[in-house]
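Coordinates in review
Chain by chain, the residues run as shown.
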Amino acid sequence: MFYTHQPMPNKVLLVGLLIFLPCLIYEFYKKNQTGQKIENWWWLCLSFLLGGLLALNQQILTGQTIWPYHFVQYTVPLVMVVLVVLFYNFIKSRLPKIWRLGTAAVFIFLSVFAFATIRNFSYRGDDRVGDMEKLQKYSGILEWLNSNAPKDSVVLTKDSEDSLQTLIPALTSSNTYRTNWLQLSLIPAERIYHNYLVFLRINEIKLEEVRGYLQQHQSEFRISFFTDWDMLFAAGDSEYINQKIEQIADDYQLFIKKDFTTELKKYRLDYIMSAGPLSENAQVELRGLAEVWNSGDIFIYKF
């Protein structure tokens with residue numbers, strides 16, 4: 001769920017409206033002159049376009065919406081349906097040359113697009129194989145969790161690639177303490193903020209380095225704390241970013257002085273999983289940790 005009042009323009013939908021509306025106005029004017037009734041398919045197609053426009057922009061009034069890519073999976077195909085119906089029912093009979101040229105252009109475009117897509121997928125095939133091979137290193141860890149961890153146990157991960165955050169809830173019966181997929185969640189704001197401070201501390205970001213770290217990793221807290229589209233997708237410094245860096249740095253100064261174990265116990269935690277062994281300093285801070293398994297690369301500690 002997103003909380004925003006920002007409009008979401010969609011280029012495909014706008015192009016569809018720019019093509020459809022002049023044709024509708026022209027047809028309505030001509031039929032009105034002769035006293036004829038306009039066909040129902042016009043209103044159906046208009047409802048498709050206006051419905052898509054409303055779905056993408058209802059948050060202007062409600063202040064709530066979902067990830068926009070879910071909407072375009074419906075709005076873009078509906079625009080295509082509208083244009084096909086419009087060209088067949090309206091353009092074909094009035095402008096046959098444009099109809100023929102348009103049909104040929106669509107056929108050529110789809111052929112080129114299909115050829116380019118196939119070539120692109122074939123070129124990227126080796127990369128995909130490599131990505132899948134990299135994921136295999138986690139198989140032993142996930143198998144251990146499925147065999148030994150109680151159902152719904154909670155795991156805090158320390159992994160630079162962040163792969164375990166998504167693999168654990170997807171492929172085991174365990175949950176993760178923190179996640180970077182915040183845009184798909186209803187996690188309370190205070191828990192998100194707590195988790196980010198935990199993330200900084202478990203990765204042993206030093207107090208004197210935290211501002212520099214935040215400046216270089218803006219995307220991490222943009223996705224965690226944004227309240228509007230501009231905050232999420234913008235790049236570079238802004239008043240919001242600078243204020244958030246100062247806020248996190250000040251709060252981290254207090255957080256790092258607190259007992260880490262006590263802070264982690266504010267929410268359920270059963271295991272800590274680390275890419276590489278935890279440092280001696282981290283193990284001292286997290287008193288009572290017991291190593292229960294390691295693959296040589298990944299270490300699991302009972303909290």
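All figures in this text were calculated on a predicted structure; none of them were measured in a lab. (Residues numbered from 1 in each chain as written. Predicted model: local features only at pLDDT ≥ 70, side-chain atom pairs only at ≥ 80, totals over all residues. Heavy atoms only, no water.)

Observations concerning unusual backbone geometry
- Phi at Asp152 is positive, roughly 65°, even though this residue is not glycine.
- Its location among the elements puts Asp152 in the loop between helix 7 (139–148) and strand 3 (154–158).
- On the basis of relative accessible area, Asp152 is assigned to the partly exposed category, the value being 37%.
- One non-glycine residue with positive phi stands out, namely Glu204, at about 55°.
- Looking at the element boundaries, Glu204 is found in the loop between helix 9 (189–202) and helix 10 (210–216).
- Classification of Glu204 by relative accessible area gives partly exposed; the value is 32%. (Helix = DSSP H or I, 4+ residues; strand = E, 2+ residues; numbered from the N terminus. Buried < 20%, exposed > 50% of the residue type's maximum accessible area, 1.4 Å probe, protein only.)

Brief notes about the environment of Tyr240
- Note that Tyr240 resides in helix 13 (residues 239–255).
- The class for Tyr240 is buried, based on a relative accessible area of 17%.
- Along the backbone, Tyr240 and Tyr193 are 47 residues apart, and their C-alpha atoms lie at a distance of 16 Å.

A closer look at the sheet that holds strand 4 (residues 175–176)
- Strand order across the open sheet formed by five strands is 4-3-5-7-6, with mixed pairing between neighbours. Each having just a single partner strand, strand 4 and strand 6 (290–294) make up the two edges of the open sheet.
- Sheet topology note: the strand 3/strand 4 ladder contains two bridges and is parallel. Following the sheet pairing, Val154 is matched in strand 4 by Asn175. (Pairing = 2+ DSSP bridges.)

Observations concerning the pattern of salt bridges
- This model, assessed by the stated rule, comprises ten salt bridges.
- Two residues, Glu27 and Lys31, come together in a salt bridge whose shortest N-O distance is 3.0 Å. Residue Glu27 and its partner Lys31 are located together in helix 1 (residues 11–34), separated by four residues, close to a single helical turn.
- For Lys31, a relative accessible area of 12% translates into the label buried.
- The partner of Lys266 in a salt bridge is Glu263, and the shortest N-O contact between them spans 3.0 Å.
- Each of the salt bridges in this network shares a partner with another, and the network as a whole consists of Glu27, Lys31, Glu39 and Arg94. (Salt bridge = Lys/Arg side-chain N within 4 Å of Asp/Glu carboxyl O.)

A closer look at the packing of helix 2 (residues 40–57) against helix 4 (residues 68–94)
- Where helix 2 contacts helix 4, the axes come no closer than 10 Å and their chain directions differ by 155°. Judged on the interaxial angle alone, helix 4 and helix 2 are roughly antiparallel. Both helix 2 and helix 4 take part in a crossing whose hand is left-handed. On helix 4, the residues that touch Trp41, Trp42, Cys45, Phe48, Leu49, Gly52, Ala55 and Leu56 of helix 2 are Phe71, Thr75, Leu78, Val79, Val81, Val82, Val85, Leu86, Asn89 and Phe90.
- Across the contact of helix 2 with helix 4, the residue classes break down as 15 nonpolar, three polar and no charged. (Axes fitted to C-alpha atoms, helices over the stretch in contact; angles between N-to-C directions. Parallel < 35°, antiparallel > 145°, perpendicular 65-115°, else oblique. Left-handed = near helix turned anticlockwise from the far one by under 90°. Contact = heavy atoms within 4.5 Å. Nonpolar A, V, L, I, M, F, W, Y, C, P; charged D, E, K, R; others polar.)

Focus on helix 2
- Taking 1.5 Å of rise per residue, the 18 residues of helix 2 would be expected to cover 26 Å, and the 26 Å separating its terminal C-alpha atoms lies within 8% of that figure.
- Every buried residue of helix 2 is listed here: Trp41, Trp42, Cys45, Leu46, Leu49, Gly52, Leu56 and Asn57. One side of helix 2 holds all its buried residues, which, seen down the axis, span an arc of 140°. Across from the buried face of helix 2, at angles greater than 90 degrees, the exposed residues are Asn40 and Leu54.
- Where helix 2 is buried, its residues meet helix 1, helix 3 (59–62) and helix 4. (Expected span 1.5 Å × (residues − 1). Arc of directions from axis to C-beta.)

Points about the pairing of strand 7 (residues 298–302)
- The buried fraction of strand 7 amounts to four of the five residues, a majority that puts the element mostly inside the structure.
- As consecutive antiparallel partners, strand 6 and strand 7 are separated by three residues, and within that stretch Gly296 has a phi angle of approximately 100°, a positive value.

As for the pairing of strand 3
- Of all five residues making up strand 3, five are buried, and the element is well covered by its neighbours.
- Of the two faces of strand 3, the one lined by Val154, Leu156 and Lys158 and the one lined by Val155 and Thr157 are each fully buried.
- As for the winding sense of the linkage, the β-α-β connection from strand 3 through helix 8 (residues 163–171) to strand 4 is right-handed.
- As paired elements, strand 3 and strand 5 (residues 271–275) share four bridges and run parallel to each other. From the neighbouring strand, Leu156 faces strand 5, where its bridge partner is Ile272. (Right-handed = clockwise from strand over helix to strand, strands pointing away.)

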